[in-house]
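Now for the letters of each chain:
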Amino acid sequence: MDYKKEYKKYLTSSVLDTANNKIASNSFLSAFAIYLGLTDFAIGIYALLDTITNVLQIFAAPLFSKIGQSKKVVLINYSIYRISSVCFAFIPFISNDLSIRTIFFFLFASIYAITGEMGYITFVNWRMTLIKKEDRTTFASTRNIFKNTVVLLFSLMMGVVLDRFTANGYELYGFIVLFLIVFIIATIDITLRIFTYKPEIKQEKINLKDNILIPAKDKKFRKVLVTCGLNRFAYGIGTMYLNVFLLRYLNISYLYYSILNVLLNLSDALSSKFWGNRAKERKWEKILLPMSGIFIIAFVILVVFNNNYLIYLLPVVYILLGFGNASYEMYDHIAIYENSKDKLQTSYVTFERFIEGIVTMLLPILSYTIFSENDNIIKITFVLSIVTYLFLFLYIKIKIVDK
């Protein structure tokens, strides 16, 4: 096995995978859902669906420990995952009825989310097994730079294409062009993974009960769970209606919307090396404390300013969100794995995702009790995000700093 060659393959496929996740996720598909006419609440649930289905990862470790993380099975699952992200394009041709459109939207979204969750842990485990510990921060920062560059280019094109087609009365065909691009990237990604080396995985057999109890009883890992849970709640409640808020209530154009996503990903990409350097010593308070402060500032801007001024401040908000996302991704991709017990990494990572899913399930219930169809109520979700990030900041200061 040629380490440098396989490292490059894993880096390329990881870039394509995460880029496609960004492209075929909230920003693009939320815009498409608004075009289809879905309600605010439905779009809000969709924004959380990917994290809600994290609960399914609790079954992934026992399943793949039994089948030996078969490359064939994993690739079939991954192919279904990628193909389902393109199936959304057929919804407008199936029916004009909103209920039917909503059903099909969530059918494809569920398949996409579920297969993504079931396959996520295996690719992470293969990558982390192959890549040397000293190369992991470099890998994560390099991947984020390239990934966000791809998304940046796509986002710019998305805005121009959709605005042009919409101006000429062909908004749907603008979306079709973009779905075609997603399909092309997915095809390249799947093909590359077929010819990528699968490292030997040494993992203990584990059942569902142990998959829950072992990481749950680990006191050292509990801090990771609390940190990730609080962040997931704060970020989830703060962003679940953000796309709706921008497109439906601030009425920004697709081009401006795409520019904001460019700024988000550019900020994420440019700050990745900075966060990677701060993570080398594994003093995670250097990552988490600034991250909490950055997100607090971003959501305070969304709350404090009225819509007339806020339109001009959105670039600042998105730059801050990108900077904060890059910091958490560094923690998410390294700290969780490295705080897991040897040979039980799959169980630990899937349990952490399970906790994130449980936390996220609370968000639609909470938002349903406070939400109605107007932008002022949406701002309450931003306030809840601020409060939760303040709790996270205090938790890190008390439980993690100098521990």
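To start, this report covers the structure provided alongside it. Every residue gets a number counted from 1 within its own chain, in the order that chain's sequence is written. Predicted model: local features are reported for residues with pLDDT of at least 70 only, side-chain atom pairs are reported and counted for 80 or more only, and whole-chain, interface and lining totals are derived from all residues. Side-chain measures here rest on the full set of heavy atoms in the structure, leaving out hydrogens and waters.

In this section: a nonpolar patch on the surface. By definition, no residue in a patch forms a salt bridge, and every one has over 30% relative accessible area; like charges are joined within 9 Å, nonpolar side chains (Val, Leu, Ile, Met, Phe, Trp, Tyr) within 5 Å. Working definition of accessibility: Shrake-Rupley area with a 1.4 Å probe, residue cover restricted to the visible protein chains. Any carboxyl oxygen of Asp or Glu that lies within 4 Å of a side-chain nitrogen of Lys or Arg is treated as forming a salt bridge with it. Together, I76, I80, L107 and I111 make up a nonpolar patch on the protein surface, roughly 320 Å² of accessible area in all. In this text, helices come from DSSP runs of H or I with a minimum length of four residues, and strands from runs of E with a minimum of two, each type numbered from the N-terminal end. Listed by contribution, the elements that provide at least two residues to the nonpolar patch are α5 (71-84) and α7 (98-130). The residue I80 is located in helix α5 in this model.

Along the chain, T138 falls in helix α8 (residues 136-167). Between the alpha carbons of T138 and K273 there is a distance of 7.8 Å; along the sequence they are 135 residues apart.

Bringing the nonpolar core into the picture now. Here the nonpolar core consists of buried residues drawn from Ala, Val, Leu, Ile, Met, Phe, Trp, Tyr and Cys, with membership extended through side-chain atoms lying within 4.5 Å. Throughout this description, buried means an accessible area under 20% of the type-specific maximum (1.4 Å probe, protein chains only), exposed means over 50%, and partly exposed covers the range between. Within the largest apolar cluster, 100 residues are counted, with the highest numbers of intra-cluster contacts made by F88, F105, L246, L321, Y331 and Y389. For this core, the leading source of residues is helix α15 (residues 307-338), giving 14 residues. Contact partners of Y389, with chain neighbours within four places excluded, come to N231, A234, Y235, M291, S292, F295, I296 and F299. By size, the runner-up hydrophobic cluster in this structure holds 16 residues, among which are Y7, V74, I131 and I190. Contact definition: two residues touch when any of their heavy atoms are within 4.5 Å.

All right, on to the pattern of salt bridges then. Inspection of the entire model under this criterion finds 8 salt bridges. For the salt bridge of D40 with R248, the shortest nitrogen-to-oxygen distance reads 2.3 Å. Here D40 is found in helix α3 (residues 40-52), whereas its partner R248 is found in helix α12 (residues 242-249), with 208 residues between them in sequence. A salt bridge links R193 to D189, with the shortest nitrogen-to-oxygen separation between them at 3.0 Å. Taken together, the residues R193 and D189, both in helix α9 (residues 171-194) and 4 residues apart, mark about one turn of the helix. In the salt-bridge network here, residues are joined through shared partners; they are D17, R82, D189 and R193.

Let us now look at the packing of helix α11 (residues 219-239) against α15. In this analysis an axis means a line fitted to C-alpha atoms, helices contributing only their contacting stretch, and an angle means the value between N-to-C directions, from 0 to 180 degrees. The N-to-C vectors of α11 and α15 enclose an angle of 150°; their axes lie 12 Å apart at closest approach. Comparing the axis directions of α11 and α15 gives the class roughly antiparallel. Where α11 crosses over α15, the handedness of that crossing is left-handed. Counted together, F221, V224, T227, C228, N231 and Y235 of α11 and L321, N325, Y328, Y331 and I336 of α15 form the full contact between these two elements. Polar here means any residue other than Ala, Val, Leu, Ile, Met, Phe, Trp, Tyr, Cys and Pro, which are nonpolar, and Asp, Glu, Lys and Arg, which are charged; Gly is therefore polar. Of the residues in the contact of α11 with α15, the class split is 8 nonpolar, 3 polar and no charged. We call two directions roughly parallel when the angle between them is under 35 degrees, roughly antiparallel when it is over 145, roughly perpendicular when it lies between 65 and 115, and oblique otherwise. In a left-handed crossing the near helix is turned counterclockwise from the far helix by less than a right angle, and in a right-handed crossing that turn is clockwise.

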